[in-house]
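One-letter residues, chain by chain:
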Amino acid sequence: CSVWNEFIVNEIWQSRRCRNQLKKRLHRNWLNLEFKKSEQSFSKIYNQSGVRILNGYLLIHPQVYTSTSSDHKFACYKLKTGQKIQERSLEGFIERIDLGSSFIVFGFSNVDDQINTSDDTSESVDILQVYSVPDLNLLAKITLPAEQNKELYCVKNDLIVFLRAYRQSLDSCQFVLFDPVNKERKDFIVKLSFTDVLGIQFDGRYVLVKTIGKDDKITVFDVITRQCITKGLPASEFTLNEVFRYPLSLSIEDHCYLTVFNIKTLARYKHFIHRSKKPNTEIGLLNQMFISDSGFLILSRYEKFKRTDHSNCCSQMELFNLEDLKYGIFQPVTLDIR
């Protein structure tokens, strides 16, 4: 709850002594972790499958950038018991997979459906298939317009948000908000050149739009009030990974810096992420960055000993409080995971 979260932030996170105690306890609990092991046997069709967890269910699906046929299965299991709830076949070339609050979205290209053009040639169509979890019912099958690419939609909570060209206008775009569970659709028009758009990010209420130019820019819209919050702010360049939760835009630059941009205050902060007090070690590149629902930025990376192979390494997780990052305070809790 919010009261408990406020207590953690004020009484634990902002106290160096309490933070160190929390870090030691987390590390000790990890080393002495007790868990219940359940095993599930899979046939050959599950080789190189991806795994997602949603609402206590384990989702096993083909990996992205793989071409699937009717033999490729998408299955849902109960996480605690390993009981199979449902199984479906997937056909097509999977380019993207996203999770909503109670559904999963597959982005396909090169599927059988095709558009016939005036010269009797055909081109592949991008299609989204939305399945409910855990029963894996097909909630929606959405054919993307020809100008729509998979960088211009986002999935968060109950919504899929699309940014599309608006008719023949050169300076207007259309946001489409679709709730696949309740079959509700809303849209609104914004002043923005569709041909300049590079991609969008969505945090559940605010949409960050990145546009190309001599210098890349970012614009933020509120999908509830349908208002432009800010426009034309300079964007980060040459980033490895980017995440967004208003008012923060977070990215990794030059393979080694965590960059924080506070959209409200226009303040920018940088933090060198590859720090190690251990002798004779080198820090590997960061490979994942995401924001938890509880308000923490979680980074993962690895470190390995010099002059040895990668088998002698340990993963690291660093947790940053988003409230601290708003003001350029970098005090992460670091966990070593062997």
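Preceding this paragraph is the structure being described.
Residues numbered from 1 in each chain as written. Predicted model: local features only at pLDDT ≥ 70, side-chain atom pairs only at ≥ 80, totals over all residues. Heavy atoms only, no water.

Student: For this particular structure, what's the right way to read the overall build of the chain?
Tutor: Scanning the chain from N- to C-terminus turns up 3 helices and 28 strands. A burial count over the chain gives 43% of its 338 residues as buried. Sequence separation of at least 24 residues holds for 39% of the intrachain contacts in the chain that already meet a minimum separation of 6. Accessible surface for the chain amounts to roughly 19400 Å². Of this, 49% is attributable to carbon and sulfur atoms. (Helix = DSSP H or I, 4+ residues; strand = E, 2+ residues; numbered from the N terminus. Buried < 20%, exposed > 50% of the residue type's maximum accessible area, 1.4 Å probe, protein only. Contact = heavy atoms within 4.5 Å. Areas by Shrake-Rupley, 256 points an atom, 1.4 Å probe, with all protein chains shown as cover.)

Student: Got a minute to help me understand the environment of K141 in this structure?
Tutor: Relative to the helices and strands, K141 resides in strand β11 (residues 138-143). The sequence separation of K141 and F106 amounts to 35 residues, and the corresponding C-alpha distance is 9.7 Å.

Student: Before we go on, may I ask you to explain the pairing of strand β13 (residues 159-165) in this structure?
Tutor: On a regular strand, one side chain projects to one face of the sheet and the next to the other, so that they alternate. For β13, the tally of buried residues reaches 5 of 7 residues, placing the bulk of the element in the interior. When strand β12 (residues 153-156) meets β13, the two strands line up antiparallel, connected through 4 bridges. From the neighbouring strand, C154 faces β13, where its bridge partner is V161. Once β12 ends, the chain turns through 2 residues before running back antiparallel as β13, passing N157 with a positive phi of about 55 degrees. Examined bridge by bridge, β13 and strand β14 (residues 172-179) share 6 bridges and lie antiparallel to one another. (Pairing = 2+ DSSP bridges.)

Student: Whenever I open this one, the layout of surface pockets confuses me. Can you help?
Tutor: If a probe as big as a water molecule is rolled over the atoms, it shows which places are left empty. Roughly 1600 Å³ of volume is contained in the largest pocket. Looking at the largest pocket, it is lined by 37 residues, and the ones nearest its centre are R96, D98, Q201, E242 and V243. Put simply, the parts of the chain that give the lining of the largest pocket at least two residues each are β6 (92-99), β12, β16 (197-202), β17 (206-211), β20 (239-245) and β25 (288-291). (1 Å grid on protein atoms, 1.4 Å probe; cavity = no way out; pocket = protein on both sides within 12 Å on 5 of 7 lines; lining within 4 Å. Points joined across faces, edges and corners; volume = space filled by probe spheres on them.)

Student: Any chance you could explain empty space enclosed by the protein here in plain terms?
Tutor: All chains considered together, the criterion is met by 2 cavities of 30 Å³ or more. Here the largest cavity is characterised by a volume of approximately 80 Å³. Contributing to the lining of the largest cavity are L208, K210, I218, P234, A235, S236, E242, S249, L250, S251, F261 and R268. At the level of elements, β17 and β21 (248-253) are the ones that each hand at least two residues to the lining of the largest cavity. The element that contributes the greatest number of residues to the lining of the largest cavity is β21, accounting for 3 residues. Here the lining of the largest cavity is composed, by residue class, of 6 nonpolar, 3 polar and 3 charged. (Nonpolar A, V, L, I, M, F, W, Y, C, P; charged D, E, K, R; others polar.)

Student: I tried to follow the packing of aromatic side chains on my own but got confused; where do I start?
Tutor: Two measures describe an aromatic ring pair: the distance that separates the ring centres and the angle between the ring planes. Within the structure shown, the criterion is met by 10 aromatic pairs. Geometrically, the ring pair formed by F106 and F108 is tilted, given 6.2 Å between the ring centres and 35 degrees between the ring planes. Ring geometry for F320 and F330: centres 6.3 Å apart, planes at 85 degrees, overall edge-to-face. You can see F320 sitting in strand β27 (residues 313-321) and its partner F330 sitting in the loop between α3 (322-325) and β28 (333-337), a full 10 residues away along the chain. In this structure, F320 and F330 share a single accessibility class: buried. Taken together through their ring pairs, the aromatic side chains of F74, F106, F108 and Y131 make up a single cluster. Sitting over the face of the ring of Y153, R96 holds its NZ or CZ atom 4.0 Å from the ring centroid. (Phe/Tyr/Trp six-rings, centres within 6.5 Å; stacked < 30°, edge-to-face > 60°. Lys NZ or Arg CZ within 6 Å of the ring centre and 35° of its normal.)

Student: Please explain unusual backbone geometry as it appears in this structure.
Tutor: Negative phi is the rule for most residues except glycine; trans is the rule for most peptide bonds. Cis geometry is found at the peptide bond from V133 to P134, where omega equals 20 degrees. By the element assignment, P134 lies in the loop between β10 (127-132) and β11. Look at the link from Y246 to P247: it is a cis peptide, with omega at 10 degrees. The phi dihedral of L266 falls on the positive side, at around 65 degrees, and the residue is not glycine. Residue placement: L266 occurs in the loop between β22 (257-262) and β23 (267-272).

Student: Help me understand the side chain of H271 in this model?
Tutor: Inspection of the secondary structure puts H271 in strand β23. Look past the residues within four positions of H271 in its chain and what remains in contact with it is C256, Y257, L258, F320 and F330.

Student: Can you walk me through the environment of P247 in this structure?
Tutor: Mapped onto the fold, P247 is located in the loop between β20 and β21. Classification of P247 as buried rests on a relative accessible area of 7%. Expressed as a C-alpha distance, the spacing of P247 and F261, which sit 14 residues apart in the sequence, is 8.1 Å. Contacts of P247, omitting those with residues within four sequence positions, involve F261, N262, I263, K264 and K326.

Student: I'm lost on the nonpolar core in this one. Help?
Tutor: If you look at the biggest cluster of nonpolar residues, it comprises 18 residues, and the most contacted ones within it are L163, F175, V190, L192, I200, V207 and V209. Mapped by element, the contributors of at least two residues to this core are β13, β14, β15 (184-191), β16 and β17. (Core = buried A, V, L, I, M, F, W, Y, C linked by side-chain atoms within 4.5 Å.)

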